[in-house]
Amino acid sequence: MTSRFDARDSQQLEAGLEAARDALAQNRCIVMPTDTVYGIAADAFSAQAVATLLAAKGRGRNMPPPVLIPQAATMDGLAIDIPAFARDLAAEFWPGALTLILHAQPSLTWDLGETRGTVALRMPDDEVARQLLRSTGPLAVSSANRTGRPAAATAEAAFGQLGETVEVYLEAGDRPIAGEALSSTIIDCTLTPPRVVRAGAISVEALRVVVPDLLDTDGQPDPALTGDAAPSSDESGAGSEQPEADVNDAAADALPANDDSLLSDASSDNADTDTDTDTDADADADADIDIASGPATTDSDAKSGTAPGATPVETQNRGGTESGDAAGESARTP
């Protein structure tokens, strides 16, 4: 039976977080607030739970959900070959509306759908979401709406679309709290140079302050780096065609133009838009997995957010209370 809690009330918040942890531990779905829109969440390490999430939204495995994490350090437990620029972006914009597509850890036993060896990670800037994530570990999260319908700005609106398919609803008021509801910006960090595959809340201009060679959704570099006076192919005869970075087909197809951090359902045909417009492009992409350059990461490492060979920043106690804070959230948390 579905339970609904008002997370704005301290007592209901505690009861709601406990109910949400219990539901997730039983491979069921919950609805939670994020800094962008409301999301439907499931245990990222449970294929059954992820399948339930996709079914509730009315979408297939070709549109895998992104994964929300409690702190930046968790990236090392879920991804490999993380480039320095991806860490720089996380340090600057997390917690916040930025999703990074990375090569997934091949040692993890999870099934998010047809990701082609990649995983889309984000740390949202929402305290209720962070409280939950710190006690559950990484969660597969997509915008809380049926595919093709508007993303939910409240848990009540999410209930109107998802109903009894969700076990627990955490209501925390309108999301976003202020400003226009925009999906997260998605960057494919498996490419060199990296490319924006979905425009969102964080502008390309702001991102290029950190990563100057970032390509936009059209695969184009910053005009300031190329020079407006550069000769055209007609003038020089040699041609200065800008090589276009290939966007992972899966990543593009899975990316909605409008998302909740989550990626909302947007058109999954546009690889350059993610977040939820109509296809919960929940950031997923594809890329071949390279051989890990470091010690293998176990499932327990990933769930605890501990980098291989590093000291745990916090202890993830699935289904119970967690100790530690979000100090590791140098960027931001979902």
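Computed from a predicted structure; not experimentally measured.

### A look at the overall build of the protein
Reasoning step 1: Of regular secondary structure, the protein possesses 11 helices and 11 strands.
Reasoning step 2: Split into buried and exposed, the 334 residues of the protein put 58% on the buried side.
Reasoning step 3: In the protein, of all internal contacts separated by at least 6 residues, the share reaching a separation of at least 24 is 67%.
Reasoning step 4: Of the roughly 12,700 Å² of accessible surface on the protein, 47% is carried by carbon and sulfur atoms.

### Concerning the side chain of Asp126
Reasoning step 1: With respect to the secondary-structure elements, Asp126 resides in the loop between β7 (118-122) and α5 (127-136).
Reasoning step 2: Judged by its relative accessible area of 5%, Asp126 falls in the buried class.

### Details of unusual backbone geometry
Reasoning step 1: Cis rather than trans, the peptide bond between Trp94 and Pro95 has omega equal to -5°.
Reasoning step 2: Mapping Pro95 onto the fold places it in the loop between α4 (84-93) and β6 (98-104).
Reasoning step 3: In this structure, Asn27 takes a positive phi of about 65° despite not being glycine.
Reasoning step 4: Take Asn27: it is sitting in the loop between α1 (10-25) and β2 (30-32).
Reasoning step 5: On the basis of relative accessibility, which here comes to 22%, the residue Asn27 falls in the partly exposed class.

### A word on the nonpolar core
Reasoning step 1: Counting residues in hydrophobic clusters, the biggest one holds 71 residues, and the most contacted among them are Val31, Trp94, Leu100 and Trp110.
Reasoning step 2: Beyond its immediate sequence surroundings of up to four residues, Trp110 is in contact with Ala44, Phe45, Val67, Leu78, Ala104 and Val119.

### Focus on α5
Reasoning step 1: In terms of residue burial, α5 counts as a mostly covered element, since 8 of its 10 residues are buried.
Reasoning step 2: The complete set of buried residues in α5 reads Val128, Ala129, Arg130, Leu132, Leu133, Arg134, Ser135 and Thr136.
Reasoning step 3: As for α5, its buried residues are in contact with α1, β2, β4 (67-68) and β8 (139-143).
Reasoning step 4: Backbone geometry just downstream of α5 places Gly137 in the positive-phi region, at approximately 85°.

### Some thoughts on the confidence of the model for the protein
Reasoning step 1: On average, residues of the protein carry a pLDDT of 76, and 68% of them reach 70 or more.
Reasoning step 2: Note on residues 229-334: pLDDT under 50 across the span, and 433 contacts to partners over four residues away in sequence or across chains.

### Notes on the packing of α1 against α5
Reasoning step 1: Running from N to C, α1 and α5 point in directions that differ by 45°, and their axes come no closer than 10 Å. Classified by the interaxial angle, the pair formed by α1 and α5 is oblique. The handedness of the crossing between α1 and α5 comes out as right-handed. Seen from α1, the contacting residues are Leu13, Glu14, Leu17, Ala20, Arg21 and Leu24; seen from α5, they are Val128, Gln131, Leu132, Ser135 and Thr136.
Reasoning step 2: Considered class by class, the residues forming the contact of α1 with α5 number 6 nonpolar, 3 polar and 2 charged.

### So, α4
Three- or four-residue spacings in an α-helix give side chains the same orientation, since the helix completes a turn every 3.6 residues.
Reasoning step 1: By the burial criterion, the buried members of α4 are Phe85, Ala86, Leu89, Ala90 and Phe93. All buried residues of α4 project into a common sector of 140° when viewed along the axis, lining one side. Across α4 from its buried face, at more than 90 degrees, point the exposed residues Ala84 and Glu92.

### Description of the environment of Arg4
Reasoning step 1: Considering the arrangement of structural elements, one finds Arg4 in strand β1 (residues 3-6).
Reasoning step 2: Judged by relative accessible area, Arg4 falls into the partly exposed class, the value being 42%.
Reasoning step 3: Considered as a pair, Arg4 and Glu167 are 163 residues apart in the sequence and their alpha carbons are 8.6 Å apart.
Reasoning step 4: Discounting residues that sit within four places of it in the chain, Arg4 has contacts with Gln12, Glu156, Phe159 and Tyr169.

### Things to note about the pattern of salt bridges
Reasoning step 1: Using the criterion set out here, one finds 10 salt bridges in the structure.
Reasoning step 2: Between Arg130 and Asp125 there is a salt bridge whose closest N-O contact spans 3.2 Å.
Reasoning step 3: Looking at Arg130, the relative accessible area reads 12%, which means it is buried.
Reasoning step 4: The exposure class of Asp125 is partly exposed, given its relative accessible area of 43%.

### Considering the pairing of β7
Reasoning step 1: Most of β7 sits inside the fold, with 5 of its 5 residues counted as buried.
Reasoning step 2: Of the two faces of β7, the one holding Thr118, Ala120 and Arg122 and the one holding Val119 and Leu121 are both buried throughout.
Reasoning step 3: Alignment of β4 against β7, held across 2 bridges, turns out to be parallel. Considered in β7, the bridge of Val67 is made with Leu121.

What counts and how
Residues numbered from 1 in each chain as written. Predicted model: local features only at pLDDT ≥ 70, side-chain atom pairs only at ≥ 80, totals over all residues. Heavy atoms only, no water. Helix = DSSP H or I, 4+ residues; strand = E, 2+ residues; numbered from the N terminus. Buried < 20%, exposed > 50% of the residue type's maximum accessible area, 1.4 Å probe, protein only. Contact = heavy atoms within 4.5 Å. Areas by Shrake-Rupley, 256 points an atom, 1.4 Å probe, with all protein chains shown as cover. Core = buried A, V, L, I, M, F, W, Y, C linked by side-chain atoms within 4.5 Å. pLDDT = per-residue confidence, 0-100. Axes fitted to C-alpha atoms, helices over the stretch in contact; angles between N-to-C directions. Parallel < 35°, antiparallel > 145°, perpendicular 65-115°, else oblique. Left-handed = near helix turned anticlockwise from the far one by under 90°. Nonpolar A, V, L, I, M, F, W, Y, C, P; charged D, E, K, R; others polar. Arc of directions from axis to C-beta. Salt bridge = Lys/Arg side-chain N within 4 Å of Asp/Glu carboxyl O. Pairing = 2+ DSSP bridges.

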